[in-house]
Amino acid sequence: MDWGVIFQNTVPVLFNAESCYFALAAIGLNIHFGYTGLLNFGQVGFAAMGAYGIASGVVYLGLPFGVSILLGIGLAIVLALLLGVPTLRLRADYLAIVTIAASEVIRLTARSASLRNVTGGSSGLNGFANGFYNLNPFHGRSYGIGYLTYNNNRFFLLVVGWSLVILFSLLVLLLMRSPWGRVLRGIREDEDAVRSLGKNVVGYKMQSLVLGGVIGAFSGFTFALANSSVQPDNYATTFTFLAFTAMILGGAGRVIGPVVGAIVFQTLLEFVQNVLSQGLQAGYISNSILPKEQLGAVRFVFVGLALMALMIFRPQGLFGDKKELALDAR
Amino acid sequence: MGLHPRPPRTLRSLAPRILVALALPLLLLLGFAPSASAQSAPPDPIGKKIIGTLLNAGEPLVDVKVTIVQGDKEIGSAKSDATGRFSIDVPAPGDYDAVIDPKTLPKGVELRSDKGDRVSVKVLDNTSFRAALFKFGEGRSGPASRLDRAPQLVIGGLQFGLVLAMASIGLSLIFGTTGLTNFAHGELVTGGALLGYVFNVKLGLNLIPATMIAVIVGGVVGYLLDKGLWGPLRRRGTGLIAGLVVSIGLSFVLRYIFLIYYGGSSRSYDQYSTQRPITFWKVGILPRDMVIVVITLVVLLLVGLALGRTRFGKATRAVADNPTLAATSGINVERVISLVWAIGTALAVLGGVFLALSQQVGYQLGQNILLLLFAAVTLGGLGTAYGALVGAVVIGLFTQLSTLFIPAELQVVGALIVLIVVLVVRPQGILGSRERVG
C-alpha cells in the first residue's frame, strides 16, 4: 500500500472541477428539495441545458461566449417552466418520474443523429471553450501549493467555479432568511397551510424550480468548460443521483450542506477507489474478488451504499436538523 | 399519503378498454423504415483487432467488405464470413473508423448508423479487441412499404409489450401494496437475465430448466429483499420518499455489482439465440418469440385470476386498498407484502430472461427499460395489475410503431414523452381511478 500515491490522488479532489460542478448542481437541488420539498430527479437536464447552451451557442449559432452563457440560462429557465407548469401540482413521486424522464428525453434527443449539426450527436461538441479561456488573467506557468498545483487555465476555471459556489451559497443564505425563503420552507412543511394563508403555492414552487434550475445550468457550464467538451452520455441520470447524494450527505435544507457534501463525497469516492487500487496492487485484495478492470464500478457501488445508509440511518446528513427536515416531502 | 390503489378489475370489464388501447397506436402509422439489430461477438482475444458480426434482423450479412481506416490511411480490410463475422488486425491502440462498402451489402439492406457507412472505434491499450457496431435496416422503398412494415412492427411491439408487462407487474403491485416507487426494479430484471445466464451458460443447463430455476431463485430473492430490507424499513417508519431514495441507492449497488462480476459485454444464451423467423403472410416471427408470447399470456392470465379469485388475491387487494383495515380484519399484512415481493420479483426475473433473449444479456438491460416500465404502469394506472398489462402493451406497440415516423434511436424518447403527458393529463392512468391522485 503506497499511502503517498493515495493522498497524491485524493487530496486534489477536494477542490477539483468535479467537486465544484457537483456542488453547484447540489446547491440547485437543495433549493428544490431541501427548501421547497420538490423531488426533482432531473437536475442533470438543467446542467445539460447550460452545457449545450454554451456549446451549441458558440459552435452551431456562432454566438460570442457571453451571449451563449445567457442562452444556457435562458434554456434552463424555459425547461423549468415547461416542466413546472404542468407538473408542480403532481404528487412528489410523480414529479420525480416526470423530471427523470424529461432529463432522459433531453439526453437522448441531444445524442440523436438527426440533431448532429446542433448538438454533435452522440460524439458531442468541443471547441467552444476558447472564449472562456481567453478571459484568463492568469498567465503564469503554475499556481497553488503541493498536491494542489494547477496550470493557469485550470486555475482560472477553479477560481471562477468556486467563486460561483460561494456566490450562490450566499444568495441561498440571504434568500432563505427572507420572507420568500420562509414561504418556501412552509411549502415544504405543509403546503395546504401555506395555501390557506393566501400564498400562491404553485407560483412559489415555480420560482424555486427556476432558481435551482439556473444554478444547475451553471453546474453544466463548469462541467462543459472543465472538459472543454460536451458529451451527451455525461448527462445521464447518474449525474443527478451523485448530486443528490452529495446534498443528502451534507444535509438538505442547509446552506453549507451541498457544498461540504459534494467535496466530502467526491473525495471519499476517490479515496476508496485509490485504497482499493493500491490494495489490489499490493495483493491484499484478490483479483477474483475484485477484477482490476472493474475498479471504476466500485465507486458506484459505494455511491449506492452511501445513499442507502444515509437515508436509513442519517437522513439529515452531516449538518442537517432532523426536526426541521422530516424528508417526507410531498 | 392518500394511497388508495384501485383493486384490479375482472377481465370482462377490461376487454373494451384493451381494444381502445390497442387501437390507438395503430392510428399512428406514417413512414420510416424500422431498425434492425447490430451485434458484436467476443471471439478469441489474440493481438489487437477490431471485430464485429454483421446481422440484419438476426440474419448474417455475408461477403460485406469492411475497411478500417485511421484518418485517411487504410489499415486493413476484410469480408464478413458465412456467420456475418469479420475481424481485422490493427497495429496499435488508437482511434479508428470502420467503414462498410455499401456496394457489397445485399439488396434491400441499408446502413442506419449515425455517420452513415462508418463507425468510430477506439482501441484501448488494456483491451485486445474492440467491437465495431453497425446498424442495418431494410432500404426504404417508397411510402407503400410503411403499411407493409406495420404488421411486423405490431407483432414486435406486442411481444415487447408483453415482456414489459411481465416485468412491470411486480413494480405495480409493490407500489399498490406498499406505496414504494421502486427504482431498483430494473435491476431485478437485469438480475433475472443474469441468473438465467449463470444457470444456462456457466452451469450448462438448457435454457428452459435454467429459466425455471432462475424464476424460483428470483422469488426467494424477492422474499428476502422484503424480509431483510423493506420490511424493517417499513417498521422503522421510513417515509415513501426516503424509501424511494433507498431504492435508487440499491439500484446503484446491484447494477455495479453486476458490472463487476459479469462485465460490461453483451452475451447471448446458449440456446434459442439465433433462429430463423417463420413467415406468415409477410410477417416473420421467431419461434422463440411465439413461445414467449404464449408463456407471457398464460402467466399474466394466471396472475390476473389469482388476484381476482383466490383468497391471497383478495388479501392483496385489501392491503392495497387500506392496510390498516386489512390488518384489523385478520389479514397478515406483512406476509401478503412479502409474497407480493416474491411474486413480483419472480415475474421480473422471467421478464428479464425473455428480454435478454431478444436484446442479449447485459448489466444495463433492466436500467434501460426502467423508465419504460414506469411509463407502462403509470399509463395503465400505478398499483393495478391489469393496468400494467394494458399500459405495457400500449408502450410496446408505441415504441415499435413510432419508428414508422421518427428515427429508431428516438423511439424511447417518444415513449417517455407519452409518460410525461399521461402523468400530467391523466395521472391515474387508463385504468386507475381519480381518488388516488393526491
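What counts, and where the lines are drawn
- Along each chain, numbering runs from 1 in the same order as the chain's sequence is written.
- As a convention, the first chain written is A and the first ligand written is 1, with the rest following in written order.
- In keeping with the predicted nature of the model, local features appear solely for residues at pLDDT of at least 70, side-chain atom pairs appear and are counted solely at 80 or more, and the whole-chain, interface and lining totals rest on all residues.
- Here, a strand pair is defined by DSSP locating no fewer than two bridges between the strands.
- Helix and strand definitions follow DSSP, with helices as H or I runs of at least four residues and strands as E runs of at least two, each counted in order from the N terminus.
- Distance between backbone-placed C-beta atoms decides contact: two residues are in contact if it is within 7 Å.
- Just so you know the grouping, Ala, Val, Leu, Ile, Met, Phe, Trp, Tyr, Cys and Pro go in nonpolar, Asp, Glu, Lys and Arg go in charged, and all remaining residues, Gly too, go in polar.
- A set of buried Ala, Val, Leu, Ile, Met, Phe, Trp, Tyr and Cys residues, joined through C-beta atoms within 7 Å, is what we mean by a nonpolar core.
- Here a residue counts as buried when 20 or more other C-beta atoms sit within 10 Å of its C-beta, as exposed when there are 12 or fewer, and as partly exposed otherwise, the C-beta atoms being derived from the backbone.
- Each residue carries a pLDDT value, the predictor's own confidence for that position, ranging from 0 to 100.
- Axis lines are fitted to C-alpha atoms, over the contacting stretch for helices. Their N-to-C directions set the angle, which ranges from 0 to 180 degrees.
- For classification purposes, an angle smaller than 35 degrees is called roughly parallel, one larger than 145 roughly antiparallel, one from 65 to 115 roughly perpendicular, and anything else oblique.
- Should the near helix be turned anticlockwise from the far one by less than a right angle, the crossing is left-handed, and should it be turned clockwise, the crossing is right-handed.

## Structural notes on the pairing of strand β4 (residues 65-70) of chain B
All names here are of chain B. Pairing analysis gives 6 bridges linking β4 to strand β5 (residues 73-79), with the strands arranged antiparallel. Pairing of Val 69 across the sheet is with Glu 74, part of β5. Note: β4 against strand β7 (residues 94-100), 4 bridges, orientation antiparallel. Residue pairing across strands places Ile 68 opposite Ala 98, the latter belonging to β7.

## Considerations on the interface of chain B and chain A
Contacts between the two partners involve 39 residues from chain B, matched on the other side by 43 residues from chain A. The set of elements that each furnish at least two residues to the side of chain B that touches chain A consists of α5 (240-262), α10 (365-380) and α12 (411-425) of chain B. For the side of chain B that touches chain A, the per-class residue count stands at 29 nonpolar, 8 polar and 2 charged.

## A closer look at the environment of B:Thr211
Residue and element names in this part refer to chain B. Counting through the fold element by element, Thr 211 comes out in helix α4 (residues 207-236). It is 36 Å that separates the C-alpha atoms of Thr 211 and Gly 330, two residues lying 119 residues apart in sequence. Every residue in contact with Thr 211, bar those within four places of it in the chain, is listed here: Gly 196, Leu 350 and Val 353.

## Section: the nonpolar core
The tendency in soluble globular proteins is for nonpolar side chains to be buried side by side. Counting residues in hydrophobic clusters, the biggest one holds 203 residues, and the most contacted among them are A:Leu24, A:Ala51, B:Leu164, B:Ala165, B:Ala375 and B:Ala376. Ranked by the residues each element gives to this core, the list is headed by helix α9 (residues 333-359) of chain B, at 17 residues. Contact partners of B:Ala376, with chain neighbours within four places excluded, come to B:Leu164, B:Ala165, B:Ser168, B:Ala388, B:Gly391, B:Ala392 and B:Ile395. Formed by 13 residues, the second largest nonpolar core is a distinct cluster that contains B:Val64, B:Ala98, B:Val99 and B:Ile100.

## Some remarks on the confidence of the model for chain B
Residues and elements named next belong to chain B. Scored by pLDDT, chain B has a mean of 77; 73% of the residues are at 70 or more. A low-confidence stretch, residues 1-46 stays under pLDDT 50, and its non-local contacts, those more than four residues away or across chains, total 106 contacts. Note on residues 434-438: pLDDT is under 50 here. Beyond four places in sequence and across chains, it has 14 contacts. Overall fold confidence for the complex sits at a pTM of 0.77, while the interface term, ipTM, reaches 0.86.

## Comments concerning the packing of helix α2 (residues 17-35) of chain A against helix α8 (residues 152-177) of chain A
Residues and elements named next belong to chain A. Contact geometry of α2 with α8 gives a least axis separation of 9 Å together with a crossing angle of 15°. Taken together, the axis directions place α2 and α8 in an arrangement best described as roughly parallel. Here α2 runs over α8; the crossing is left-handed. Between α2 and α8, the residues in contact are Ala 17, Cys 20, Tyr 21, Ala 23, Leu 24, Ile 27, Ile 31 and Tyr 35 and Leu 157, Leu 158, Gly 161, Trp 162, Leu 164, Val 165, Phe 168, Ser 169, Val 172 and Met 176, respectively. Counted by class, the contact of α2 with α8 contains 16 nonpolar, 2 polar and no charged residues.

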